[in-house]
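# Examination of the molecular architecture
Residue strings, one per chain:
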Amino acid sequence: MYLACFKQIRTAFIMLILFTVLTGFIYPLIVTGLGQLLFPFQAGGSLIKEHGVTRGSSLLGQSFTQASYFWPRPSHTATFPYNAASSGASNFGLSNPNLLTAIHERLVKYTQADPANKNPIPVELLMGSGSGLDPDISPKAAFYQASRVAKARGISIETVHTIINQHTKNRTLFILGEPRVNVLELNIALDALK
Amino acid sequence: MTAIALWQVTLYLLVLLLCVVPLGAYMAKVYQGQPCLLDSINTPLERMIYRLCGIQSQEMDWKQYLRALLFFNIIGLFAVYAVSRLQYFLPLNPEEFSAITPTIAFNTAASFVSNTNWQAYAGENALSYFTQMSALTVQNFLSAATGMAVLVALIRGLSRSETTSLGNFWVDMTRGVLYILLPLAFIFSLILISQGVIQNLKPYEKFTPIVNNATEQIMPMGPVASQVAIKQLGTNGGGFFNSNSAHPFENPNPMTNFLEMLAILLIPAALCYMFGVMINDKRQGWALLAAMLCLFIPLVLGTIAFENTAHPELTQLNIDQSSGNMEGKETRIGTTLSALWAVATTATSNGSVNAMHDSFTPLGGLVLLGLMQIGEVVFGGVGSGLYGMVLMVIMTVFIAGLMVGRTPEYLGKKIEPYEMKMASFAILIMPIFVLLFTAIAAVTPSALSALGNPGSHGLSEILYAFTSMLNNNGSAFAGLNSSNPFYTVLGGLGILIGRYWIMIPILAIAGSLARKKTIPQTAGTLPTHNAFFVILLLCVIIIIAALTFFPVLGLGPIVEYLMLWGFHGH
């Protein structure tokens with residue numbers, strides 16, 4: 001009995017070591033190697049570079065607060081909004097008064113930045129994202145902001161609409177996901193106009 | 001509900017069901033030791049593992065099987081604990097993360113060894129690449145293979161007669177990893193990388209944001225795809241990053257979202273077909289799958305509808321709420337696919353999230369709680385879901401047997417007092433501890449200080465935490481500060497209780513059933529593969545959970561719903 005137990009413990013121990021080598025090192029390292037070989041751009045984080053300097057990743061949102069840029073979703077990442085090093089959400093329940101306060105504040109911010117715009121604000125501009133790093137807004141949310149951006153930049157609203165349309169991604173295979181616009185790419189395109 | 005939402009659900013179910021037969025048949029071959037696809041690559045590797053470990057692949061009785069399983073898991077527990085405590089001194093730690101605190105390390109070790117993957121830490125700010133790979137990724141494979149091994153032992157107990165042997169634990173483990181989990185994870189991780197999931201060992205990347213030229217920020221890096229692949233396939237759910245599959249590096253686009261969601265249910269659904277093949281009566285497997293779908297589909301549609309409702313306190317304002325409840329949800333995924341994922345992840349014991357469950361509507365949150373509280377038998381964890389379902393079947397044939405006054409039997413095996421005692425034991429463990437721990441937390445000041453939301457939603461957070469941990473799910477109402485020692489320690493215990501106190505009676509049942517004769521079916525045998533039985537089974541599942549949990553659900557999500565919608569809704 002004791003001998004059998006001892007043998008089983010020995011087997012368990014060796015097996016854990018073997019599987020740690022196989023699934024904990026060989027597997028992730030081969031996948032890393034193949035990933036770097038076949039898809040180096042994606043495996044490295046889809047980085048946006050400018051004159052050799054990394055300006056971000058096209059997959060991660062960044063904070064924009066000036067009127068001349070499209071604003072992304074509200075972010076609840078730790079220490080400051082869109083802190084790429086610390087993903088996270090508000091985790092407010094719908095009955096939480098803090099959620100309603102935050103929504104009201106954001107509503108005021110949007111209306112003050114563009115008082116002439118009487119269209120209803122798409123709710124995703126007022127509610128925080130899941131990762132706090134959501135790179136996208138819906139096309140509806142982009143068009144809502146177009147008048148503010150156009151005024152702040154002194155360009156025609158049609159130009160802004162064209163840029164939004166150029167950067168709109170539709171559902172994958174017409175079914176999966178939601179239509180969206182990448183805010184970072186949109187703002188980079190705006191800056192490139194001049 | 002929009003047409004596009006229905007298409008999204010239909011496409012998902014269609015692809016899932018198309019995979020059930022091929023994968024199920026393949027897994028049956030793997031566990032029955034028949035020749036199969038990967039023999040040429042794996043046979044030498046398999047032989048080498050057996051030789052090094054001194055395994056002669058002799059059959060084990062249920063106690064030997066259980067002992068091997070427990071030894072293996074306990075050593076795994078210590079290994080994860082040790083690695084996460086020592087990570088500062090180990091290689092592959094470019095960010096120089098220090099050791100995890102003892103209580104969080106205990107919770108994490110229990111959590112990953114038991115296929116729970118509750119996360120009391122924020123991945124990108126706490127764990128080195130070494131810990132993520134050698135401790136967590138490894139246990140993602142091993143805990144999944146352990147669950148499947150127990151299921152296979154139970155199936156052998158049902159299909160064999162007059163024997164004590166249930167197979168060899170080491171062989172079942174090895175074949176589960178080598179033939180099923182590793183090849184699937186390998187292919188899946190490469191697909192994920194091609195879509196933008198990161199996979200590297202570089203230090204965190206410094207970058208200068210577009211507008212803030214002055215302040216440099218950092219973004220995390222790491223071997224993410226290899227871990228995401230197995231955490232989805234093995235119903236583990238432990239993400240690389242704090243926000244799990246809501247993080248764009250774990251789930252960058254609708255295609256990865258679809259595939260990761262498919263991976264959640266892939267193996268659990270295919271196991272139903274494997275069950276049918278291995279007991280030589282495919283109808284029985286289909287009946288269980290049908291029962292699961294009968295609960296799954298309406299709950300998916302319900303949750304999608306709940307998440308697409310407008311917030312009642314915002315309807316008076318100039319807000320366009322047509323995209324639904326977007327708090328805690330990502331734009332590229334949207335409310336519909338967030339709801340579908342949430343139902344899939346709580347129906348199984350996966351627990352990965354692509355949206356924050358804490359911010360779901362009260363009724364949406366109620367569905368997620370309910371799916372875990374029925375014992376995660378709708379698909380369920382790899383292995384653990386189906387053996388949980390077989391417990392429910394035993395309960396059902398017993399109740400049906402009482403009604404017609406015959407000895408209950410399942411698949412030609414008489415269900416006698418011993419099996420019933422073990423089944424009741426296994427079914428009662430989870431609710432007893434969920435309710436007990438929730439009650440203790442509700443009167444403990446340090447536990448209440450961890451809450452992220454006031455009022456009835458706070459109670460839901462506690463209830464969700466213990467429901468998730470006792471059912472080895474791992475998702476959370478994450479407003480609750482899960483690094484609080486009260487939850488790490490009590491929850492860690494709950495995780496171990498929820499995993500092993502259920503596995504032990506399951507293996508005892510398997511051992512007892514294997515010893516019995518298989519009796520031939522007669523006209524008086526209750527058929528267990530028809531619609532009537534499926535309905536009976538569903539009733540038993542729902543009644544058991546409703547009787548146990550309705551009062552506390554009434555105080556949590558139902559009160560919250562009534563307060564929000566009752567005051568403002570109409």
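All values reported here derive from a predicted model rather than from experimental measurement. Every chain's residues receive numbers from 1 upward, in the order its sequence appears when written. Chain labels run from A onward and ligand labels from 1 onward, assigned in the order the entries are written. Two thresholds apply to this predicted model, a pLDDT of at least 70 for residue-level local features and 80 or more for giving and counting side-chain atom pairs, whereas whole-chain, interface and lining totals are computed over all residues. Each side-chain value is derived from all of the structure's non-hydrogen atoms; neither hydrogens nor water enter the calculation.

## A few points about the overall build of chain B
Secondary structure elements are defined from DSSP: runs of H or I of at least 4 residues count as helices, runs of E of at least 2 residues count as strands, and each element is numbered from the N terminus. Counting its regular elements, chain B contains 18 helices and 5 strands. We compute the radius of gyration from the C-alpha atoms alone; for a globule the expected value is 2.2 Å times N to the 0.38, where N is the number of residues. What you see for chain B is a C-alpha radius of gyration of 23 Å, in line with the 25 Å of a compact globule of 570 residues. For chain B, the spread of C-alpha atoms along the three principal axes comes to 75 × 60 × 45 Å. When a residue's accessible area, from a 1.4 Å probe over protein chains only, is under 20% of the maximum for its type it is buried; when over 50% it is exposed; and in between it is partly exposed. Per-residue burial over chain B gives 66% buried out of 570 residues. Residue pairs at least 24 apart in sequence account for 79% of intrachain contacts in chain B once pairs closer than 6 positions are excluded. With the model as given, the accessible surface of chain B reaches about 18100 Å², and the carbon-plus-sulfur share is 68%. In chain B, the 24 positive side-chain charges and the 26 negative ones have mean positions that sit 16 Å from each other. Only heavy atoms matter for contacts: two residues are in contact if any of them lie within 4.5 Å across the pair. Each accessible area is a Shrake-Rupley result for a 1.4 Å probe, and residues are judged covered by the shown protein chains and nothing else. Counted as positive: Lys and Arg. Counted as negative: Asp and Glu, with His and the chain ends omitted from the count. Here the site of a charge means atom NZ of a Lys, CZ of an Arg, CG of an Asp or CD of a Glu.

## Quick word on the domain arrangement of chain A
Start and end positions for the domains come from either an automated domain assignment or a database one. Each domain of chain A was delimited in the assignment, giving domain 1 (2-40) and domain 2 (46-192). On a C-alpha basis, the centroid separation for the pair domain 1 of chain A and domain 2 of chain A is 43 Å.

## Observations regarding the pattern of salt bridges
Residue and element names in this part refer to chain B. Think of a salt bridge as a Lys or Arg side-chain nitrogen and an Asp or Glu carboxyl oxygen that are within 4 Å of each other. Counted by the stated rule, this structure contains 16 salt bridges over all chains. The salt bridge involving Glu46 is made with Arg175; its shortest N-O contact spans 3.0 Å. Residue Glu46 is found in helix 2 (residues 39-53), and its partner Arg175 is found in helix 7 (residues 169-194); the two are separated by 129 residues along the sequence. Both residues of the pair, Glu46 and Arg175, count as buried. Here Lys329 and Glu307 are joined by a salt bridge, their closest N and O atoms 2.8 Å apart. On the criterion of sequence distance, the pair formed by Lys329 in the loop between strand 3 (319-320) and helix 11 (334-347) and Glu307 in helix 10 (residues 282-307) is long-range, its members being 22 residues apart. Residue Lys329 is classed as buried on the basis of its relative accessible area of 0%.

## A word on the interface of chain A and chain B
Listed per partner, the contact involves 102 residues of chain A and 111 residues of chain B. Between chain A and chain B, the buried area comes to about 8700 Å², and carbon and sulfur atoms account for 67% of it. Here's the idea: put two parts together, see how much 1.4 Å probe accessible area each one loses, and the total over both is what we call buried area. The largest contributions to the chain A side of the interface with chain B come from Tyr27, Asn91 and Leu94 of chain A, which together make up 9% of the buried area. Our enumeration of links across chain A and chain B arrives at 1 salt bridge. A salt bridge links Asp320 of chain B to Lys140 of chain A, with the nearest nitrogen and oxygen atoms 3.4 Å apart. Here a polar contact is taken to be a pair of N or O atoms separated by no more than 3.5 Å, where protein atoms must pair a possible hydrogen donor with a possible acceptor and residues adjacent in sequence count only if both atoms sit in side chains. For the pair chain A and chain B, the number of links is 47 residue pairs in polar contact (both at pLDDT 80 or more).

## Topic: the sheet that holds strand 5 (residues 168-169) of chain A
All names here are of chain A. The rule for pairing is simple: two strands pair if DSSP sees at least two bridges between them. If you trace the 3 strands from one edge of the open sheet to the other, you get 4-6-5, paired in antiparallel fashion. With partners counted over all chains shown, the strands left at the sheet margins are strand 4 (136-137) and strand 5, one partner each. Bridge count between strand 4 and strand 6 (residues 180-182): 2 bridges; the pairing is antiparallel. When the bridges of strand 6 are listed, Asp136 appears paired with Asn182.

## Description of the environment of Phe13 of chain A
Following the sequence through the fold, Phe13 of chain A ends up in helix 1 (residues 2-38). Sequence separation between Phe13 of chain A and Phe41 of chain A is 28 residues, and the spatial gap between their C-alpha atoms is 39 Å.

## Some points on unusual backbone geometry
The phi dihedral of Tyr82 of chain A is positive, around 55°, even though this residue is not glycine. By relative accessible area, Tyr82 of chain A is classed as buried at 4%. For Asn280 of chain B, which is not glycine, the phi torsion reads 65° and is therefore positive. For Asn280 of chain B, the position within the fold is in the loop between helix 9 (254-278) and helix 10.

## Some words on the packing of aromatic side chains
The aromatic pairing rule takes the rings of Phe, Tyr and Trp, using the six-membered ring of Trp, and pairs them if the centres are within 6.5 Å, calling planes under 30 degrees apart stacked, those over 60 edge-to-face and the rest tilted. Scanning the entire structure with this criterion turns up 25 aromatic pairs over all chains. With centroids separated by 5.2 Å and ring planes inclined at 90°, the aromatic side chains of Tyr27 of chain A and Phe141 of chain B adopt a geometry described as edge-to-face. Of the two residues, Tyr27 of chain A is situated in helix 1 and Phe141 of chain B in helix 6 (residues 129-159); the pairing between them involves two chains. Considering the side-chain rings of Phe169 of chain B and Trp170 of chain B, the 5.2 Å spacing of their centres and the 70° angle between planes classify their relative orientation as edge-to-face. Neither residue differs from the other here; Phe169 of chain B and Trp170 of chain B are each classed as buried. It is Arg175 of chain B that lies over the ring of Tyr179 of chain B; its NZ or CZ is 4.5 Å from the centre. By definition here, charges over rings are those cases where NZ of Lys or CZ of Arg is within 6 Å of the ring centre and within 35 degrees of the ring normal.

## Here's the deal with the packing of helix 1 (residues 3-32) of chain B against helix 9 of chain B
Residue and element names in this part refer to chain B. With axes taken as lines fitted to C-alpha atoms, and helix axes fitted only over the stretch in contact, angles between N-to-C directions fall between 0 and 180 degrees. Viewed as axis vectors pointing N to C, helix 1 and helix 9 meet at an angle of 50°, and their least axial separation amounts to 6 Å. What the angle tells us is that helix 1 and helix 9 run oblique. The two elements helix 1 and helix 9 meet at a crossing, and its hand is right-handed. Lys, Arg, Asp and Glu make up the charged group, whereas Ala, Val, Leu, Ile, Met, Phe, Trp, Tyr, Cys and Pro make up the nonpolar group; the residues left over, Gly among them, are polar. The residue makeup of the contact of helix 1 with helix 9, split by class, is 25 nonpolar, 2 polar and no charged. Convention used here: angles under 35 degrees read as roughly parallel, angles over 145 as roughly antiparallel, angles from 65 to 115 as roughly perpendicular, and any remaining angle as oblique. Should the near helix be turned counterclockwise from the far one by less than a right angle, the crossing is left-handed, whereas a clockwise turn marks it as right-handed.

## Here's the deal with the pairing of strand 2 (residues 53-57) of chain A
Residue and element names in this part refer to chain A. For strand 2, a buried count of 4 out of 5 residues is recorded, marking the element as mostly surrounded by other parts of the structure. Across 4 bridges, the pairing between strand 1 (residues 47-50) and strand 2 is antiparallel. Along strand 2, the bridge assignment pairs Glu50 with Val53. Counting the residues in the hairpin turn of strand 1 and strand 2 gives 2 residues, including His51, whose phi is positive at 50°.

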